[in-house]
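Close look at the chain arrangement
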Amino acid sequence: MGKLQQYFIRIRKLLDISFFLVLFFIVLGTVLFAAMYSNVKPEKLDLSLFSVAEKTIRSPGTVEDKKSTENKRKDAIDQVQDVYTLKKEYTQNRVDLISSIFQATVEMNDEIEEEIKKHAEVATEENPAKPEPSDSEKIDRLKAKLTPNVSKGLSELVFTALVQASNDELSIAKDLTVTAINNVMAQRISADDVENAKKRVEEELKYTTLNDNLRTGVIELGRYAIIQNEFYDPNATEELRQQAVESVEPAKILQGQIIVEEGELINQDIYRQLKLVGLLHNERSFKPFIGLMVLITIILSSIYIYFSQIKLIPEKRQTDLLLFGIIFILTVLIMKIISMLQIFNYAGIGYLFPAALGGMLIKILIDEKLATLMSIIMAVCGSILFNEGITGTLNFSEGIYILFSSLAGILFLSNQNRRSKILQAGSFAALVNLLTILALMYLPNGQFSGIEYGYYLITALVSGIGSAVLTIGLLPFFEASFGILSTMRLIELSNPNHPLLRKILMEAPGTYHHSVMVANLAESACEAIGANGLLARVGSYYHDIGKTKRPNFYIENQMHLENPHDRLPPDKSANIIIAHVTDGSAILKKYHMPKEIIDIAEQHHGTTLLKFFYHKAIQGDAEVKEEDYRYPGPKAKTKESAVVGIADSVEAAVRSLSQPTPELIESLVKKIVADRLQDGQLNECDLTMREIETVSEALCETLKGIFHSRIEYPEMIKKVKQA
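What comes next is a walk through the structure.

What counts, and at which threshold
- Residues numbered from 1 in each chain as written.
- Predicted model: local features only at pLDDT ≥ 70, side-chain atom pairs only at ≥ 80, totals over all residues.
- Heavy atoms only, no water.
- Phe/Tyr/Trp six-rings, centres within 6.5 Å; stacked < 30°, edge-to-face > 60°.
- Lys NZ or Arg CZ within 6 Å of the ring centre and 35° of its normal.
- Core = buried A, V, L, I, M, F, W, Y, C linked by side-chain atoms within 4.5 Å.
- Buried < 20%, exposed > 50% of the residue type's maximum accessible area, 1.4 Å probe, protein only.
- Helix = DSSP H or I, 4+ residues; strand = E, 2+ residues; numbered from the N terminus.
- Contact = heavy atoms within 4.5 Å.
- Polar contact = N/O pair within 3.5 Å; in protein donor to acceptor, adjacent residues only side chain to side chain.
- Patch = residues over 30% accessible without salt bridge, like charges linked within 9 Å, V, L, I, M, F, W, Y side chains within 5 Å.
- Areas by Shrake-Rupley, 256 points an atom, 1.4 Å probe, with all protein chains shown as cover.
- Salt bridge = Lys/Arg side-chain N within 4 Å of Asp/Glu carboxyl O.

**Focus: the packing of aromatic side chains**
Enumeration over the complete set of coordinates arrives at 18 aromatic pairs. Linked through ring pairs, Tyr306, Phe307, Phe324 and Phe328 together constitute an aromatic cluster. Across from the ring centre of Tyr224, 5.4 Å away, lies the NZ or CZ of Arg94, which sits over that ring.

**With respect to the nonpolar core**
Among the nonpolar cores identified, the biggest contains 67 residues, and Phe324, Phe328, Leu365 and Ile402 are the most heavily contacted of them. Elements with a contribution of two residues or more to this core: α1 (2-40), α12 (287-309), α13 (314-339), α14 (356-365), α15 (368-385), α16 (396-412), α17 (419-442) and α18 (450-482). Here the element with the most residues in this core is α15; it accounts for 10 residues. Residues contacting Phe324, with those up to four places away along its chain left out, are Phe24, Ile303, Phe307, Ile362, Ile366, Leu370 and Met374. Formed by 50 residues, the second largest nonpolar core is a distinct cluster that contains Met593, Val654, Ile665 and Ile692.

**Re the side chain of Gln603**
With respect to the secondary-structure elements, Gln603 resides in helix α24 (residues 595-603). Here the side chain of Gln603 touches Lys637 through a polar contact of 2.9 Å, landing on its backbone nitrogen. In contact with Gln603, other than residues within four places in its own chain, are Pro634, Lys635, Ala636, Lys637, Thr638 and Ser641.

**Observations concerning a nonpolar patch on the surface**
On the surface, a cluster of nonpolar side chains totalling about 380 Å² of accessible area is made up of Leu423, Leu457, Leu461, Ile465 and Val469. Top element by residues in the nonpolar patch is α18. It accounts for four residues. Along the chain, Leu457 turns up in helix α18. Judged by its relative accessible area of 36%, Leu457 is partly exposed.

**So, unusual backbone geometry**
With the exception of glycine, most residues fall at negative phi, and the peptide bonds are largely trans. The linkage connecting Gly633 with the following residue, Pro634, adopts the cis geometry, with an omega of 5 degrees. Mapped onto the fold, Pro634 is located in the loop between α25 (611-620) and α26 (639-655). For His592, which is not a glycine, the phi torsion comes out positive at approximately 55 degrees. Tracing the backbone through its elements, the reader meets His592 in the loop between α23 (570-590) and α24.

**Considering the pattern of salt bridges**
Tallied over the full model, the rule gives 27 salt bridges. Here Glu111 ties to Arg141 by a salt bridge, and the two come within 3.3 Å at their closest N and O atoms. On the criterion of sequence distance, the pair formed by Glu111 in helix α3 (residues 88-121) and Arg141 in helix α4 (residues 135-145) is long-range, its members being 30 residues apart. By relative accessible area, which is 32% here, Glu111 ends up partly exposed. We classify Arg141 as partly exposed; its relative accessible area is 27%. Ionic pairing is found between Lys704 and Glu666, a salt bridge with its closest N-O pair at 3.7 Å.

Given below as C-alpha cells:
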C-alpha cells in the first residue's frame, strides 16, 4: 500500500509540473502575440475605383504581378520571328538533275555515233548505211533516258536545242548552267521569291556565248532547276518562343515600391495592384497571423528544449522557468512601451530600448547560455515591434542592434558581478550600441546631419547605461523574491564590513582567522572539482558563526587562558560544542541569510563524532551512548557543504601540529577524508571518488603553501642566542 501511495504522489507531482509548464508557455505565448499583433496586422485602406489617393501608398511586401508577367510573356512571343530553314541539299539535288540531263544527251550522241559507225562498216550497195536519226527521233530517245516528270517539265524547244548541240557545246552549256543554278540557290529562296530567283538565273545565262537555240534551252533548264529552298521550321520557332518566355523576369511589385502617389487617380490597374498586395479594406488575410503563431511556436519550443536538456531538480527548474518568464515578459513590455512612441515619428526611437537588460539579468540570475538565447529572441521580437515607418514587417536594423547590444552586455559582464562591474558592462554595451548604429547608418551610404549623429549618440548611451542601471535596480527584487544566491550577492556577503563578519572578528578573532583559512582551502578544492568556489568561500566565513555565543569555550579563542572544559564533565562540554551548529543556524536565519549559507553552517559537521569528549566520557562512565556525542546533522547534501566540512577538520588538525611537514600534512588529510568516508558522512552528496581524491590533492597543495618552512634570518638567530 505504501508503494502504491508513493506512486500516486509521484504521478501528482508530474501532473503539477506538466500543468505548470503548459500554463507557463500559454502565458508567454499570449504575451508575445498580444505585443506583436498590431505590428503584423495588415494595413487596410478604404479605397475605391476611380477615387483620388489621399496619401502615397507603398507596397508592404514583394508580390508577383501574374497578370503583368503574362502580358510581358505574350509580348515576348509576338516579337519572336518565324524560323525558316535553308535546305542546302536542294541545291545539290537540282545541280545533279540538270547535270544528269546533259549527261543523258551526251550519252545519246555517243550511242548514235557508235551505231552509225557500225552500220557504215557493214554497208553494201544492196544494204546501204543507215542514215543519221532525225531530231524528233533523237528527242524521243533522250526522253526515254529521263524520267517522265522531267520530260513533261521541259518544252520541246529545250530538247531540240540539246539534241542539235555537239558534245563540246553541251559540256560548256552544262558548266554554265550548273554554275548559275548553284549561285542562285546558294541564297535563300522563299515561296514568294521563286520567280525572282528564276529571273536571276535567266539574267546570268542570257549573256553567254552559246548559240541562240542552246542559250534559250539552257535558260529554260536554269529556270526549271530553280525551286524554293527556304521552309518554315515549326520546331525551331517553338523553341525560340519558349526561350523568349523563359527569359522574361516575373513582374513583381517590390516591397516599398510606390503603387499610387498622393493625388493620383486610382485606375483599374492601380486598383488591381492594391488588391494584389492586400491593402483593400474588403480583403482579409490571415497569413501574417499564421506566420506570427509559427514564429511564437519556434520561440517557445527553443525555450522548452533548453530547459528540458539542463539537469536540474524539478523544483529548481520550475523556479528558473518562472524567473525567466518574468524577466522575459518584463523585457517585452518595456520594448512594447518604447515601440508605442513611434507614433511621434522620431527616427531610431527603438535604439532607446535597454537591449542588454534581459541578457545581463538572465546571466547573473540563471545561466549565460540562456542569456544568449534570450538575446536572439529579443532581437527577433524587436525587429517586429519596431517596424513602424518601414516597408515590410521586419526591421532588420533594429534586430541587429538589439542582438549586438545584448550580447555585448553578456560578454563584458564578468563573473564578479559587483555593481561597478555591471555599470562597466553597461558602458561597454553603450559603446557597442554606438558602433552598431554607425555601421547601420553608413552601410546604405546615408547622409546625416550633426544633430542626427548627436541624437543617435544619446540613444546609444541611454540604452547601454539604462540597461546597467535597471539591472542593478531589479537584481535585489529578484534575489529576494526567489531566494537566489547570485555571484554579486555572494561578493556582498564576503565583505568584511558585513555585521556578522564583524561580529565574528570582534567577539571570536580566533574563529575568524580559522574561518578565513577554511575559506581558502574550500575555495581551491571546490574549483578543482568544478563546484562553486565562491559559495564555499562565503559559506566558510559564516560556518562557525555559532561560536560567537560562547567564544571562550573554543580553543582558538582562548588566547592562553584557562580552558573551561577542564572543569566541565564531558557531556556538558559536548553539548556546548555541538550547540554552535544550531546556534549558528539560528543567527543566520535571524539575519535572513541565504539558504545555501545556512545549509553549509548546519551540514559542515554532519553527524560526526566528538571523539575527544566521547573517549573522555568512556573513561569515566561505561554507560555512555555514542549518539549523545554526535552532531545532529544533517549530513552534507551538496559538494560545497562536504568540501567545507573536510576543510574545517583538516585546517583544525593541521593547525594543531607543532611542525607540519608536507608528508605529515598529506597523511593527515588522507586520514581525515578516509574517516569521513568510513563514517558515511559523504553518502548523501554527489561527490565521486575521483572528486574526493581531487579535493584531497587540492587541500594538500594549499596547506603546503600555507605551512611551508621558513628560513631563519641571521639577525633573528643572533637575538635568540643572546636571549
